[in-house]
Amino acid sequence: MGSEYVRFQAVVPDEKGQFKGVFGLVNNLARSGQLSVEQERVRREGNAWYDAAYPDPSRVDPGVYDPDVNPGAAAWFKVSATHLIERVAGYLEILDAHGVDCREVRSSAPGRVVYEDDVQVVVVPATNA
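So, here is what we can say about the structure in this document. Numbering of residues begins from 1 in every chain and follows the order in which that chain's sequence is written. Confidence filtering applies because this is a predicted model: local features only for residues at pLDDT of at least 70, side-chain atom pairs given and counted only at 80 or more, and all residues used for totals across whole chains, interfaces and linings. Hydrogens and waters are ignored; side-chain quantities use all the structure's heavy atoms.

## Some thoughts on helix α2 (residues 37–53)
For an α-helix the count is 3.6 residues per turn, leaving residues at separations of three or four pointing the same way. Here is the rule: Labels follow the DSSP assignment, with helices taken as runs of H or I lasting at least four residues and strands as runs of E lasting at least two, numbered in each case from the N terminus. Multiplying 1.5 Å by the residue count of a helix minus one yields the expected span of that helix. Each residue's exposure class comes from its accessible area (1.4 Å probe, protein chains only) as a fraction of the maximum for that residue type: buried when under 20%, exposed when over 50%, partly exposed otherwise. The arc in question is traced by the directions running from the helix axis to the C-beta atoms. We call two residues in contact when some of their heavy atoms are within 4.5 Å.
If you check α2, its first and last C-alpha atoms are 24 Å apart, about what 17 residues at 1.5 Å a residue would give, namely 24 Å. When α2 is considered as a whole, its buried residues turn out to be Gln39, Glu40, Arg43, Gly46, Asn47 and Tyr50. Mapping the buried residues of α2 onto a view down its axis gives an arc of 135°, with all of them on the same face. Projecting away from the buried face of α2 at angles above 90 degrees are the exposed residues Val37, Arg44 and Ala52. Here the buried face of α2 lies against α1 (22–31), β2 (74–78), α4 (82–85) and α5 (89–97).

Structure, rendered in structure tokens:
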């Protein structure tokens with residue numbers, strides 16, 4: 001039996017037909033000035049914690065999210081990375097407060113793996129692989 005992965009993503013696809021992840025959804029709210037002072041604090045502290053806790057795949061491989069090379073590439077947590085998954089709750093609370101639907105998706109085969117480390121994979125979904 002293979003590994004299992006989890007992703008928190010939009011329920012509705014964006015204009016490119018992709019399901020934006022939880023961090024992108026919250027960061028978009030911040031960029032558009034929609035977060036309260038407290039929500040922005042939670043986002044900034046959370047982003048800083050995540051930046052320190054695990055590698056940014058695009059810094060390891062600058063082409064990992066290149067739409068021409070890896071169309072639709074998306075990051076998934078390994079379910080064993082419970083210390084990372086537990087902290088998503090604060091982001092989900094922000095999205096809920098703004099009426100942004102986000103769902104948890106689990107899969108043992110989310111797509112073609114184009115990056116992997118101890119806590120995550122980046123995959124090209126089967127529809128784009």
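## Re the pattern of salt bridges
Definition in use: Salt bridge criterion: a side-chain nitrogen from Lys or Arg within 4 Å of a carboxyl oxygen from Asp or Glu.
Following the criterion strictly, the structure yields six salt bridges and no others. Two residues, lysine 78 and glutamate 116, come together in a salt bridge whose shortest N-O distance is 2.8 Å. Here lysine 78 is found in strand β2, whereas its partner glutamate 116 is found in strand β4 (residues 112–116), with 38 residues between them in sequence. Here glutamate 104 ties to arginine 106 by a salt bridge, and the two come within 2.6 Å at their closest N and O atoms. Residues participating in the shared-partner salt-bridge network are Glu38, Arg41 and Glu45.

## Thoughts on the sheet that holds strand β1 (residues 5–10)
Worth spelling out the cut-off: Paired strands, in this sense, are two strands between which DSSP finds at least two bridges. Inter-axis angles, ranging from 0 to 180 degrees, are taken between N-to-C directions of lines fitted to C-alpha atoms, where helices are fitted over the stretch in contact.
Overall, antiparallel pairing links the five strands, which are arranged β3-β1-β2-β5-β4 in an open sheet. At either margin of the open sheet sits one strand with a lone partner, and together these are β3 (102–107) and β4. Pairwise comparison of adjacent strand axes, ignoring direction, gives a mean angle of 35° for this sheet. Relative to β2, β1 runs antiparallel, the two being bridged by two bridges. The residue bridging valine 6 from the neighbouring strand is phenylalanine 77, located in β2.

## Re the packing of α1 against α2
Keep this limit in mind: What sets the label is the angle itself: under 35 degrees gives roughly parallel, over 145 gives roughly antiparallel, 65 to 115 gives roughly perpendicular, and the rest give oblique. We call a crossing left-handed when the near helix sits turned anticlockwise from the far one by less than a right angle, and right-handed when that turn is clockwise. In this classification, Asp, Glu, Lys and Arg are treated as charged, Ala, Val, Leu, Ile, Met, Phe, Trp, Tyr, Cys and Pro as nonpolar, and every other residue, Gly included, as polar.
Orientation of α1 relative to α2, taken along the N-to-C sense of each, is 135°, at an axis distance of 11 Å. It follows that α1 is oblique to α2 by the angle criterion. When you trace α1 past α2, the crossing you get is left-handed. Between α1, through Phe23, Val26, Asn27 and Ala30, and α2, the contact on the second element is made entirely by Glu40, Arg43, Asn47 and Tyr50. Residues that form the contact of α1 with α2 fall into these classes: four nonpolar, two polar and two charged.

Shape is all these values report; function is a separate question.
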